[in-house]
Amino acid sequence: MTPALDQWLSRCARSSGTFGCAVQLPGQAAVIRSFNDRFPPASLAEALGCLAESAGVISGHGLLPRWFTWCFELGQLRAVLRADGALFLILLQPESPAAQTLETLTREFLALG
Amino acid sequence: MDDEKYFLEIIRPLFTDWSQNRWRIEVATSPDQALEILKARPIDLIVVDVNMPVLDGGQFLTLLTRRYPALKKAALTALATEEKRSTCLANGAELFIEKPGTLEGLKSAFAMLDELVSWKTQTGFQGMLRQVGLQDVIQMECLGRNSSILEVNDQTVSGRIYIQDGRLLHAVAGSLTGEAAFQKLLSLPGGAFQLQPFAPPPARTLDTPWEFLLLEAARVHDESSPKSPELAGGQESPSADGRAARLMETLICSGQGAPLYQWQCPDAAGRVDLLQAISHSATRLGQLLPLGNFSRVEVQCQDSRAVMRTAPDRLIFVRVAGENATPSP
């Protein structure tokens, strides 16, 4: 994890409504940040693994995702995949200020590579 | 509606004034005229004179109740009897009023009618609708290959969605038409609707399959903050009209994966596998995190966007290409 990426990850919590985020770099342990007790790091880590599997399944069906968003009643999970294999996950509250920053964060993560 | 034109000429300015211009009053001297007005625009309340030639008020109330079940109705008569009262109330009138002969009487009648309108405004014709309710109605009409006009309104906008044989033909909401109007109506946080008999629309402004339009409406709704000026200010959503989406493929299946509808879907079996995998992953994520019910997953690819929705009774896959499909670098 580079200092720049670590700093960027910390900034993800600036907007209210961010429950947590995580980054998985190829060959490295995942870095998890939880900003809400309902979403502890262990659960976010498992969710990250689940989304990484999903990305493989989706790719296997001919859709090569740059990012994908799981929309639930009480939360949105966005996973962003970079060409170098890095995966970013952010979990946030729908219709919150954080939701307004989703596209910006996605672009920033893709640009960080 | 009253065949006594002078009576209408008296009450129209009075009621408009007493309502402080909250009321917009249309008058008709015959059932034909009244039906034309009802067909032309959403009406909150109709006041019907009971003693009418040809088609008396009681019969007209029956017709109105059958054709406009959600419309509020009041009956008015100069000669009130218990029999007329019972007939009118049985035929769908919410109020039975004796035609006033004095200014005080008119004020009293106005107060009762205003109360009826106010009650309706607060609670809706048949209860306030949530957005998902309106989507359900459209889905029901389209899946049933029905033809109808869905009139939608709240306190800020009125609109219509024309459905013919299960296809969306035309939408209008205020000055908007087409997809922008459709998305506007589905973005309303509450309101009321009436299903009207189908009549040809003045134009055809929709040619995108209803499945995609509904999914797009759900996406726009989820991505729109309550602070969004587009919604708060009653303006159209930029996502609704700014997206140059082109449909690439569509698949709708039963909950068990049996295809019900497909369009340009060369590998339906593969898509069903994918939808079932998505459903499995959604269940897994729901077990890991307290997120509530799953709605859908959106997948952004280099040149297209796919939306997958899974529910116990329906699996939906829609893929579109569009200039906004890829985030700007």
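Note that this is a predicted model, so its numbers are computed, not measured.

### Quick notes on the sheet that holds strand 1 (residues 45–49) of chain B
Residue and element names in this part refer to chain B.
Item 1. Strand order in this open sheet of three strands is 1-2-3, and the pairing throughout is parallel. Only two strands of the sheet have a single partner each, and these edge strands are strand 1 and strand 3 (95–98). With strand direction ignored, the average angle separating the axes of adjacent strands in the sheet is 25 degrees.
Item 2. Bridging between strand 2 (residues 72–77) and strand 3 involves four bridges; their strand directions are parallel. Each bridged residue has a counterpart across the sheet, and for Ala-75 the counterpart in strand 3 is Phe-96.

### So, the interface of chain B and chain A
Item 1. Contact with chain B, which involves 30 residues of that partner, is made by 31 residues of chain A.
Item 2. Elements that contribute at least two residues to the side of chain B that touches chain A include exactly helix 8 (210–223), helix 11 (268–288) and strand 11 (294–301) of chain B.
Item 3. Along the lines of polarity and charge, the residues of the side of chain B that touches chain A split into 16 nonpolar, nine polar and five charged.
Item 4. Where strand 3 (residues 65–72) of chain A meets strand 11 of chain B, seven bridges bridge the pair, whose relative direction is antiparallel. Pairing of Trp67(A) across the sheet is with Gln300(B), part of strand 11 of chain B.

### Structural notes on the nonpolar core
Item 1. The biggest cluster of nonpolar side chains holds 87 residues, and the ones touching the most others in it are Ala47(A), Ala79(A), Leu89(A), Leu91(A), Ile161(B) and Leu185(B).
Item 2. Here this core spans two domains, since at least three of its residues come from each of domain 2 (128–241) and domain 3 (244–329) of chain B.
Item 3. Beyond its immediate stretch of four places on either side in the chain, Leu91(A) contacts Phe19(A), Gly20(A), Cys21(A), Phe39(A), Leu44(A), Gly75(A) and Leu77(A).
Item 4. Within the second largest apolar cluster, 18 residues are counted, among which are Ala34(B), Phe60(B), Cys88(B) and Ile97(B).

### What about the confidence of the model for chain A?
Low-pLDDT portions of the prediction should not be read for the details of their coordinates.
Item 1. Taken residue by residue, chain A gives an average pLDDT of 90. The fraction at 70 or more is 98%.
Item 2. Taken element by element, the predicted model of chain A shows its lowest mean pLDDT in helix 1 (residues 3–11) of chain A (82) and its highest in strand 4 (residues 76–81) of chain A (95).

### Notes on the packing of helix 2 (residues 41–60) of chain A against helix 11 of chain B
Item 1. Where helix 2 of chain A meets helix 11 of chain B, the closest approach of the two axes is 10 Å, and the angle between their N-to-C directions is 175 degrees. Between helix 2 of chain A and helix 11 of chain B, the interaxial angle falls into the category roughly antiparallel. Touching Ser43(A), Glu46(A), Ala47(A), Cys50(A), Ser54(A) and Val57(A) of helix 2 of chain A are Ala277(B), Ser281(B), Arg284(B), Leu285(B) and Leu288(B), all from helix 11 of chain B.
Item 2. In the contact of helix 2 of chain A with helix 11 of chain B, the residues fall into six nonpolar, three polar and two charged.

### Comments concerning the sheet that holds strand 5 (residues 158–164) of chain B
Residues and elements named next belong to chain B.
Item 1. Spatially, the five strands line up as an open sheet ordered 7-6-5-4-8, and their pairing is antiparallel. Each edge of the open sheet carries a strand with a single partner, namely strand 7 (176–177) and strand 8 (192–197).
Item 2. Here strand 5 runs beside strand 6 (residues 167–173); their pairing, made up of six bridges, is antiparallel. Residue Ile-161 lies in a different strand from strand 6, and its bridge partner there is Ala-171.

Procedures and definitions
- Chains are numbered independently. Their residues run from 1 in the order of the written sequence.
- Whichever chain is written first becomes A and whichever ligand is written first becomes 1, with later ones labelled in order.
- For this predicted model, a pLDDT threshold of at least 70 governs which residues receive local features, and a threshold of 80 or more governs which side-chain atom pairs are given and counted, while totals over whole chains, interfaces and linings are taken from all residues.
- Strands qualify as paired when DSSP identifies two bridges or more between them.
- The way it works is that DSSP assigns letters per residue, a run of H or I at least four long becomes a helix, a run of E at least two long becomes a strand, and they are numbered from the N terminus.
- The angle between two axes is taken between their N-to-C directions and runs from 0 to 180 degrees, where each axis is a line fitted to C-alpha atoms and a helix contributes only its stretch in contact.
- Working definition of a contact: two residues with C-beta atoms, positioned from the backbone, lying within 7 Å.
- Polar here means any residue other than Ala, Val, Leu, Ile, Met, Phe, Trp, Tyr, Cys and Pro, which are nonpolar, and Asp, Glu, Lys and Arg, which are charged; Gly is therefore polar.
- By definition, a nonpolar core groups buried Ala, Val, Leu, Ile, Met, Phe, Trp, Tyr and Cys residues that are joined through C-beta atoms within 7 Å.
- Counting other C-beta atoms within 10 Å of its own, a residue is labelled buried from 20 upward, exposed at 12 or fewer, and partly exposed in the gap between, with every C-beta atom placed from the backbone.
- An automatic or database domain assignment supplies the residue ranges for each domain.
- The pLDDT value tells you how sure the predictor is about a given residue, anywhere from 0 up to 100.
- Throughout, the term roughly parallel applies to angles under 35 degrees, roughly antiparallel to angles over 145, roughly perpendicular to angles from 65 to 115, and oblique to all others.

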